[in-house]
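Chain and residue survey
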Amino acid sequence: MRFAGKRAVVTGGASGIGRATALRLVEEGAEVWIGDVDVAGGEELAATSNGRIRFQRTDVTKVADIEALMLAADAAGGIDVLFNNAGAGGAREPIDEIDADGWDRTQALLLRSVAMGIRYAAPLMAARGGGAIVNTASIAALQTGAAPTAYSVAKAGVLHLTRLAATDLARHHIRVNAVCPGFIITNIFASAIGVEGEQRTVVNQAIAGIAAHAQPVQRAGRPEDIAAAVAYLASDDAAFVTGTHILVDGGMLTGPRHSWDVDAPSLFDTLEAFR
Ligand code: NAI
């Protein structure tokens, strides 16, 4: 019960990582406000939470929506924890094809939303004596090849923003950290290709098969894996942790597959065969 008596705001809380985190925080005693564009998903979650979760329609690309969410949560008792998490795939074109609108839309969704979330929550948290902020970045912030260019740049920005915000807000006793999920089975992949409703389950099952073999830990990543890391960073267990990130990727960034799979041929083994 690390969050007994605490109040949290979770963006993108209607689905996937945000939903799992909202449930985890509630399980540990928190009351949670979720902000999301998915009204049906948000209201359904709130309705089944015994009043522990409240939903407010929030489009994080709209600064006024973000401010309204923070003010509503604050008026209901204050904000101790903010999880800036809402997101989607964004513009997919390579840098020599992307247009400025796609670029701007992606940065607004994934980077400006985090900046403005912090901007409008931090003064309210400061007035209560402090708090903890966690931002969702990605393995794509750390290496190429994991996601489209505009998305990856935005997530890299989230990591640096996390460090800068940690220094800006230290004087208010607000810690700021990030989580970098690896390959996690959520609706983000189905949404990226325009698949909605029940059909998403079919897509998710197909993707889970690939995800189980994509990293050293040989199962698909789950939203709950990320929720556990977020709960740690947001809790007093992480009281001496700020301005950093936790990679939760089942080991995906450890390196090439042959470095951990003895059956996978390495470049050096292959060359050796020709000596
Ligand atoms: P998801 O699609 O299950 O959840 C994303 C949520 O954000 C949805 O409820 C969606 O309605 C909401 N959302 C989208 N645009 C919004 C907007 N403009 N305003 C408010 N809410 C909006 O996907 P998932 O995977 O849970 O994504 C959560 C975060 O995790 C995102 O920031 C994503 O980039 C990040 N992430 C996900 C990874 C994965 O493998 N699933 C890997 C690395 C990062």
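Residues numbered from 1 in each chain as written. Predicted model: local features only at pLDDT ≥ 70, side-chain atom pairs only at ≥ 80, totals over all residues. Heavy atoms only, no water.

Considering the site of the ligand
- Within the structure, the ligand sits among 29 residues, and S15, D36, N85, Y151 and T186 are positioned closest to it.
- With respect to the ligand, the backbone of G16 contributes an N or O atom lying 3.5 Å from an oxygen atom.
- Side-chain polar atom of D36 to an oxygen atom of the ligand: 2.6 Å apart, as the coordinates give it.
- Relative to its unbound accessible area of 830 Å², the ligand is 92% covered by the protein chains.
- Elements that contribute at least two residues to the shell around the ligand include exactly α1 (16-27), α5 (149-169) and α6 (188-192).
- Looking at the shell around the ligand, its residues break down into 13 nonpolar, 12 polar and four charged. (Near = heavy atom within 4 Å. Polar contact = N/O pair within 3.5 Å; in protein donor to acceptor, adjacent residues only side chain to side chain. Areas by Shrake-Rupley, 256 points an atom, 1.4 Å probe, with all protein chains shown as cover. Helix = DSSP H or I, 4+ residues; strand = E, 2+ residues; numbered from the N terminus. Nonpolar A, V, L, I, M, F, W, Y, C, P; charged D, E, K, R; others polar.)

Here's the deal with the sheet that holds strand β7 (residues 245-248)
- Strand order in this open sheet of seven strands is β3-β2-β1-β4-β5-β6-β7, and the pairing throughout is parallel. Whereas interior strands pair on both sides, the edge strands pair on one side only; in this sheet they are β3 (53-57) and β7. In this sheet, neighbouring strand axes are inclined to one another by 15° on average, regardless of whether the strands run parallel or antiparallel.
- With five bridges connecting them, strand β2 (residues 31-36) and β3 associate as parallel partners. Counted as the bridge partner of V32 is I53 from β3.
- Across the sheet, helix α4 (residues 100-127) lies against β4 (81-84), β5 (131-136) and β6 (174-181), angled at about 175° from β4, the strand it touches most. (Pairing = 2+ DSSP bridges. Axes fitted to C-alpha atoms, helices over the stretch in contact; angles between N-to-C directions. Contact = heavy atoms within 4.5 Å.)

Brief notes about the nonpolar core
- By size, the foremost hydrophobic cluster in this structure holds 34 residues, and its most contacted members are V9, M70, I133 and L169.
- Of all the secondary-structure elements, those providing two or more residues to this core are α3 (63-75), α4, α5 and β6.
- Sorting elements by how many residues they give to this core places α4 first, with eight residues.
- Apart from the residues lying within four places of it in its own chain, the contact partners of V9 are W33, L69, M70, A73, I79, V81, L82 and F83.
- One finds I17, I53, A229 and A231 within the second-largest nonpolar core, a separate group that totals 26 residues. (Core = buried A, V, L, I, M, F, W, Y, C linked by side-chain atoms within 4.5 Å. Buried < 20%, exposed > 50% of the residue type's maximum accessible area, 1.4 Å probe, protein only.)

Side note on the packing of aromatic side chains
- All chains considered together, the criterion is met by one aromatic pair.
- Ring centres of F183 and F189 lie 5.4 Å apart, and the angle between their planes is 65°; this geometry places the pair in the edge-to-face category.
- The ring of Y120 carries R119 above its face, with NZ or CZ at 4.6 Å from the centroid. (Phe/Tyr/Trp six-rings, centres within 6.5 Å; stacked < 30°, edge-to-face > 60°. Lys NZ or Arg CZ within 6 Å of the ring centre and 35° of its normal.)

Describing the pattern of salt bridges
- Across all of its chains, the model carries 10 salt bridges by this definition.
- Notably, a salt bridge pairs D237 with R2, separated by 2.9 Å at the nearest N-O pair. Of the two residues, D237 is situated in the loop between α8 (223-234) and β7 and R2 in the segment before β1 (7-11); the sequence distance between them amounts to 235 residues.
- Salt-bridge contacts for D80 lead to R128; the nearest nitrogen and oxygen are separated by 3.0 Å. You can see D80 sitting in the loop between α3 and β4 and its partner R128 sitting in the loop between α4 and β5, a full 48 residues away along the chain.
- Given the relative accessible area of 14%, D80 is considered buried.
- For R128, a relative accessible area of 39% corresponds to the partly exposed category.
- The network of salt bridges with common partners includes R2, R24, E28 and D237. (Salt bridge = Lys/Arg side-chain N within 4 Å of Asp/Glu carboxyl O.)

Interpretation note: all reported values are geometric properties and have no functional meaning in isolation.
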